[in-house]
Amino acid sequence: EFDVLVVGGGPAGAAAAVYAARKGIRTGVVAERFGGQVLDTMAIENYISVLETEGPKFGVALEQHVKAYEVDIMNLQRASKLVPGKSIQIELANGATLKAKSVILSTGARWREINVPGEHEYRNRGVAYCPHCDGPLFKGKQVAVIGGGNSGVEAAIDLAGIVSHVTLIEFGDALRADDILQRKLRSLTNVAILTSAQTTEVHGDGKRVTGLSYKNRKDGTTHQIELDGVFVQIGLVPNTEWLKGALDLTAHGEIIVDARGQTSVPGVFAAGDATTTPYKQIIIAAGEGAKAALGAFDYLIRSSVS
Ligand code: FAD
C-alpha cells in the first residue's frame, strides 16, 4: 500500500511526487504518459528561473527530478476507477488495482480541437492553443482566434495588445462571451469579428501557417484569410471522465478542490489542469502539485493517530 499515490505524471504530478517522497513516505506515480502536455509543445519561456526551454526537454527534467527520489513510477498505465475507503483503491485499465492511504489526482486536461485539415500539421508552427504561452511569439503579426466564448474573447483581447491584427471567428450566430468582454472586444480597433463562420481548413506553406478558409454558414460562400497564426479556443476538457460519480466535479468536469487541494473525498487530493484552480499553466500546476502533496502529508499525520 502506498502512503501517497499520484495519478498523472505532468508538472502537477511530478511536483506532488517530489514533495511527497521528500517526506520519506511510500510514494508512487501512475501515468498514462509521463511528462503530460508539455511533451506536445516546443518553446516554454514562462517557467520562472528557466529563461527558455523546450517541452520534451522539460518533460525529461520532470522525470529526472522524480527519479532522484524513491518513487515507484508506473508509466503507460491508465487509471480507470477510484474507489474511496480507508484504503483508497485505484483500478487500472490493465486490470490491476493499486491501494493507497492518500491519492493525488493530477490527470490534466486536453484542448478541444477543431478537427480540420492543417490543424495537426501546423500545430506549434502557427497553430496554438494557449495565448499566455504563445502570444508573444506572434508579436506584430496577424492572427485568428477560433471560438467566441469567454476564453476565445479573452484571448482575442489579450492578443490584440501584442499582435497587429486579430480576427475572431465564431461558428454560431453570435458571440457567447460575457457582455463586458464583448464590449471590450468591440472597443478595440485592430479586431475583426466574424460570426456564423465555420473554419474549414488551416493553410500553410509546408513550414508555417499562412492562412485559413472558412464557410459563411448563412450564405454558404467560402472565404480565405491570410494569417501568421491561429489560436484555437473552443474549450479545455479535463481528463476526469473516469472520476464521474466518485467525487465532486463541476458541470465542466473539473475536480472541485479547496485551498489545500482536498477534494470531496477524504484523503483524495487533486492538482493542476484537472481541477477548479484557474489559469492552466505549468508553474501553477507545479505549485498546486506541491500544495496537494503537503495537504496529503498533513492528512496522513492526522489520520494515523486514531
Ligand atoms: P498534464 O500536463 O495534462 O499531465 C497530465 C498527466 O496525467 C499526464 O501524465 C497524462 O498522461 C496523465 N493522465 C491523464 N489521464 C490519466 C489516467 N486516466 N490515468 C493515468 N494517467 C492519466 N503552460 C505554460 O505554463 N507555458 C507554456 O509555454 C505552455 N505551452 C503549452 C503548449 C501546448 C501545446 C499545450 C497543450 C499546453 C501548454 N501549456 C503551457 C499548458 C501546460 O502544459 C499545462 O498547464 C500543464 O501541463 C498542466 O499540468 P498537469 O500536470 O496539470 O497536467
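Look up: the structure comes first, before these words.
Residues numbered from 1 in each chain as written. Predicted model: local features only at pLDDT ≥ 70, side-chain atom pairs only at ≥ 80, totals over all residues. Heavy atoms only, no water.

Now for the overall build of the chain. Counting its regular elements, the chain contains 6 helices and 19 strands. Taking 2.2 N^0.38 as the reference for a compact globule, 306 residues should give roughly 19 Å; the C-alpha atoms of the chain span a radius of gyration of 21 Å, in line with that estimate. With the C-alpha coordinates of the chain rotated into their principal frame, the extents come out at 70 × 35 × 35 Å. Scored against the burial criterion, the 306 residues of the chain give a buried share of 49%. By sequence separation, contacts in the chain at least 24 residues apart represent 57% of the contacts at least 6 residues apart. Just so you have it, the chain exposes about 14,800 Å², and 51% of that area is on carbon and sulfur atoms. (Helix = DSSP H or I, 4+ residues; strand = E, 2+ residues; numbered from the N terminus. Rg over C-alpha atoms; globule rule 2.2 N^0.38 Å. Buried < 20%, exposed > 50% of the residue type's maximum accessible area, 1.4 Å probe, protein only. Contact = heavy atoms within 4.5 Å. Areas by Shrake-Rupley, 256 points an atom, 1.4 Å probe, with all protein chains shown as cover.)

A separate point is the state of the cysteines. Disulfide: a covalent bond formed between the sulfur atoms of two cysteine residues. What the rule picks out here adds up to 1 disulfide. Bridging Cys 130 to Cys 133, the disulfide has an S-S length of 2.1 Å. The chirality of the disulfide connecting Cys 130 with Cys 133 is right-handed, given an S-S dihedral of about 65°. (Disulfide = S-S within 2.5 Å.)

Attention now goes to the pattern of salt bridges. If you walk through the whole model with that rule in mind, you get 13 salt bridges. Residue Asp 3 is joined to Lys 101 by a salt bridge in which the shortest nitrogen-to-oxygen separation is 3.2 Å. With Asp 3 in strand β1 (residues 2–7) and Lys 101 in strand β8 (residues 97–105), the pair connects residues that are 98 residues apart, well separated along the chain. One salt bridge connects Asp 72 with Arg 26, and the closest N-O pair in it is separated by 3.5 Å. Taken as a pair, Asp 72 in strand β5 (residues 71–75) and Arg 26 in the loop between α1 (11–21) and β2 (27–31) lie far apart in primary sequence, 46 residues in all. Overlapping salt bridges, with partners in common, bring together Glu 1, Asp 3 and Lys 101 in one network. (Salt bridge = Lys/Arg side-chain N within 4 Å of Asp/Glu carboxyl O.)

Quick look at the sheet that holds strand β10 (residues 127–128) now. With respect to topology, 5 strands assemble into an open sheet ordered β10-β17-β11-β12-β13, the strand pairing being parallel. The open sheet has two edge strands, β10 and β13 (191–194), and neither has a second partner. Pairing analysis gives 2 bridges linking β10 to strand β17 (residues 229–232), with the strands arranged parallel. Looking at β17, one finds that Ala 128 is bridged to Phe 231. On top of the sheet, helix α4 (residues 150–160) reaches β11 (142–146), β12 (165–169), β13 and β17; it is set at about 170° to β12, its chief contact. (Pairing = 2+ DSSP bridges. Axes fitted to C-alpha atoms, helices over the stretch in contact; angles between N-to-C directions.)

In this structure, strand β14 (residues 197–204) lies alongside strand β15 (residues 209–216), joined through 7 bridges in antiparallel fashion. Counterpart to Gln 198 in the pairing with β15 is Lys 215. Connecting β14 to the antiparallel partner β15 that follows it, the hairpin turn spans 4 residues, and Gly 206 within it adopts a positive phi of roughly 95°. Relative to strand β16 (residues 222–226), β15 runs antiparallel, the two being bridged by 5 bridges. Its bridge partner being in β16, Lys 215 is matched across the sheet by Thr 222.

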